Amino acid sequence: MVLLGLIVLFARMNDGVREIITGVVMEPVGFLMERMSGPSNYIHAFLYDLSHFNGLRSENKRLRLEVAELRRELNRYREEALENARLKALLRIKNSVPGDFLLARVVGYDPTAWRSFVTVNRGMKDGVQMDDVVLAGGGVVGRVLMTTIHYSRVMLLTDRNSHIPALVQRSRVRGILVGGGDGICSLEYVAKGADVVVGDRVITSGLDESFPKGLLLGKVVEILGDDGEEGLFQRIKVRPLVDLKRLEEVLVMVRPHTK
Amino acid sequence: MKLHLFVLFFLLLNSVTVSAWGHLLEVNSVKINLLIPTIVWYAITSRDGAQGLLVIAITGFLYDLVSSNNIGTYILAMSATYLLIRYVVAHASMEFWWQRLLLVVMISFIFQAALRTATGYIETVWPWGALQAVADGLVSLGLFPIFHGLVPLLEQRDANE
């Protein structure tokens, strides 16, 4: 009878009073419901996981494969972006220097560790000849010393047997750029007192038939022997503009066929 | 016969690998190269000196072709190295690993000196030639046990034939 009375009383209440009472009840109940639903959801999820364990394992495997595939793709895109940058640099040279060029890839180095030679994948069939100039990135890399049908051997300008007539771009002082065998070249036969400072750019002088005038060779990094020592010449160290230990693509400057 | 073919193939593979990997395993002019340790092991192991010399000469010729050195540099250096090892081994016992290690270091240093002098890089013999010799010695420590493990297999195949 009391319960029936309460129901009737509740039904006859106006909306405002009913909302207040509902609020008073719902707030603590809701709080409890919220706290209790956490473990419940967790248990439910756990039971769900258990029941779908095989599916999860296969999904995990699939996702791992997908991640590996995406990583591989990402790496490929990175490689292509880097290659793109290198090729653009080569293209800039190609546009700035007159002549016909062939793009070639470095496929090997000399097995003799102290020799500075690389093998590129262009040869006689592509029109490459002995003494053709090879360029990359910022400037001259070396010259072709030997060709076969599909490959050529390039002597880098750091090899000790490399001698290139050169001049200092700023002061027009002439010398011979000789490979040092250790990644550095030296500009030789430059008289003491000649106007050369660290940071000067060294370019080809054009006196050699192979190298056209004005190709960048390197930068002066050190000057020795200009301070009262005996001798006629300065000792000038020149660092090539191109990192010759990381060559991947080069441009071979092809001359017209000589018969 | 199998042993000779194995060494020939292995040295050729080594030359291609060293060329293709370029500066990957290189510090200045010291390179991880299996050439000298292999020649030393081969000279110690092979019974027939004449056949061994022929194999080394063929390999040297191919090394000359792959490298930028004048033809004859590797043939002479490698053949002389092989004969020198045969001479040393005929007069000294090489029972222990450290004896073989010292032999590799000594032979490699002589080889380096000869080759660097022949190619005009005599002043790099010290310290780079010496460091290369030490590197070759260390490589031989890992390489010789593998090769020794292969010998019975190669000889067994020979016997079967």
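This text gives an overview of the structure that appears in the document. Since the model is a prediction, treat every value here as computed from it, not as a measurement.

Now for the overall build of chain A. Counting secondary structure elements, chain A contains three helices and twelve strands. Here chain A holds 259 residues, and 28% of them are scored as buried.

Right, let's get into the overall build of chain B. Summing up its helical and strand segments, chain B has six helices and two strands in all. The helix and strand sequence of chain B, counted from the amino end, reads α-β-β-α-α-α-α-α. Against the compact-globule benchmark of 15 Å for 161 residues, chain B has a radius of gyration of 15 Å, which places it among compact chains. Expressed along its principal axes, the backbone C-alpha trace of chain B runs to roughly 50 × 30 × 30 Å. Looking at chain B residue by residue over its 161 residues, the buried ones come to 37%. The contacts of chain B with a sequence gap of at least 6 include a subset with a gap of at least 24, amounting to 69%.

When the terminal C-alpha atoms of helix H5 (residues 97-118) of chain B are compared, their 31 Å separation across 22 residues agrees well with the 32 Å that a helix rising 1.5 Å per residue should span. All of the buried residues along H5 of chain B are Arg 100, Leu 103, Val 104, Val 105, Ile 107, Ser 108, Phe 109, Phe 111, Gln 112, Leu 115 and Arg 116 of chain B.

Residue and element names in this part refer to chain A. Bridge count between strand E7 (residues 174-179) and strand E8 (residues 185-191): four bridges; the pairing is antiparallel. Following the sheet pairing, Gly 179 is matched in E8 by Cys 185. In sequence, E7 turns back onto E8 through a hairpin of five residues, with Gly 181 there showing a positive phi of about 80°. With five bridges joining them, E8 and strand E11 (residues 233-240) adopt antiparallel strand pairing. Opposite Leu 187, over in E11, you have Ile 236 as the bridge partner.

For the rest of this paragraph, the subject is the interface of chain A and chain B. The partner chain B presents 21 residues to the 14 residues of chain A that form the contact. Residue composition of the side of chain A that touches chain B, by class: five nonpolar, three polar and six charged.

It is worth spelling out the sheet that holds strand E12 (residues 249-254) of chain A at this point. Residues and elements named next belong to chain A. Strand order around the closed barrel formed by six strands is E1-E2-E5-E4-E3-E12, with antiparallel pairing between neighbours. Recorded for the sheet is a direction-independent mean angle of 45° between the axes of neighbouring strands. Bridge count for strand E1 (residues 100-109) against E12 is six bridges, and the pairing is antiparallel. From the neighbouring strand, Arg 105 faces E12, where its bridge partner is Glu 249.

One turn of the α-helix equals 3.6 residues, which is why residues spaced by three or four share an orientation. All names here are of chain B. Counted at 1.5 Å a residue, the expected span for helix H3 (residues 49-66) with its 18 residues is 26 Å, and the 25 Å between its end C-alpha atoms agrees. Taken as a whole, H3 has its buried residues at Gly 52, Val 55, Ile 56, Thr 59, Gly 60 and Tyr 63. On an axial view of H3, the arc spanned by its buried residues comes to 135°, and they lie on one face. Seen from the buried face of H3, the exposed residues on the opposite side, beyond 90 degrees, are Ala 50 and Leu 65. Next to the buried residues of H3 lie helix H1 (2-21), helix H2 (35-45) and helix H4 (73-91).

Right, let's talk about the sheet that holds strand E6 (residues 163-168) of chain A for a bit. Note on sheets: strands pair through backbone hydrogen bonds, and any given pair is parallel or antiparallel. Residues and elements named next belong to chain A. The strand order around the closed barrel built from six strands is E6-E7-E8-E11-E10-E9, with neighbouring strands paired in antiparallel fashion. Going across the sheet, the axis of each strand differs from the next one's by a mean of 40°, ignoring polarity. The pairing of strand E9 (residues 201-204) with strand E10 (residues 216-224) spans three bridges and is classified as antiparallel. Its bridge partner lying in E10, Val 202 is registered against Gly 218.

Membership of the largest hydrophobic core comes to 42 residues, with the highest contact counts inside it found for Leu 135, Val 141, Val 154, Leu 177, Leu 217, Val 250 and Val 252 of chain A. Setting aside anything within four residues of it in sequence, one finds Val 154 of chain A in contact with Phe 117, Val 118, Val 120, Val 134, Val 141, Gly 142, Arg 143, Val 144 and Leu 145 of chain A.

Looking now at the packing of H4 of chain B against H5 of chain B. Residues and elements named next belong to chain B. Relative orientation of the contacting elements H4 and H5 amounts to 155°, with a least axis distance of 10 Å. Between H4 and H5, the crossing angle belongs to the class labelled roughly antiparallel. As for the relative orientation of H4 and H5, their crossing is right-handed in sense. The residues of H5 that touch H4, namely those facing Thr 73, Ala 77, Thr 81, Leu 84, Ile 85 and Val 88, are Leu 103, Ile 107, Phe 111, Ala 114, Leu 115 and Ala 118. When its residues are assigned to classes, the contact of H4 with H5 shows ten nonpolar, two polar and no charged.

What follows deals with the environment of Leu 25 of chain B. Its place among the elements puts Leu 25 of chain B in the loop between H1 and strand E1 (26-27). Here Leu 25 of chain B is in contact with Lys 31 and Ile 32 of chain B, once residues within four sequence places are set aside.

Parameters and conventions
Residues numbered from 1 in each chain as written. Chains lettered and ligands numbered in written order. Predicted model: local features only at pLDDT ≥ 70, side-chain atom pairs only at ≥ 80, totals over all residues. Helix = DSSP H or I, 4+ residues; strand = E, 2+ residues; numbered from the N terminus. Buried ≥ 20, exposed ≤ 12 C-beta atoms within 10 Å, placed from the backbone. Rg over C-alpha atoms; globule rule 2.2 N^0.38 Å. Contact = placed C-beta atoms within 7 Å. Expected span 1.5 Å × (residues − 1). Pairing = 2+ DSSP bridges. Nonpolar A, V, L, I, M, F, W, Y, C, P; charged D, E, K, R; others polar. Axes fitted to C-alpha atoms, helices over the stretch in contact; angles between N-to-C directions. Arc of directions from axis to C-beta. Core = buried A, V, L, I, M, F, W, Y, C linked by C-beta atoms within 7 Å. Parallel < 35°, antiparallel > 145°, perpendicular 65-115°, else oblique. Left-handed = near helix turned anticlockwise from the far one by under 90°.

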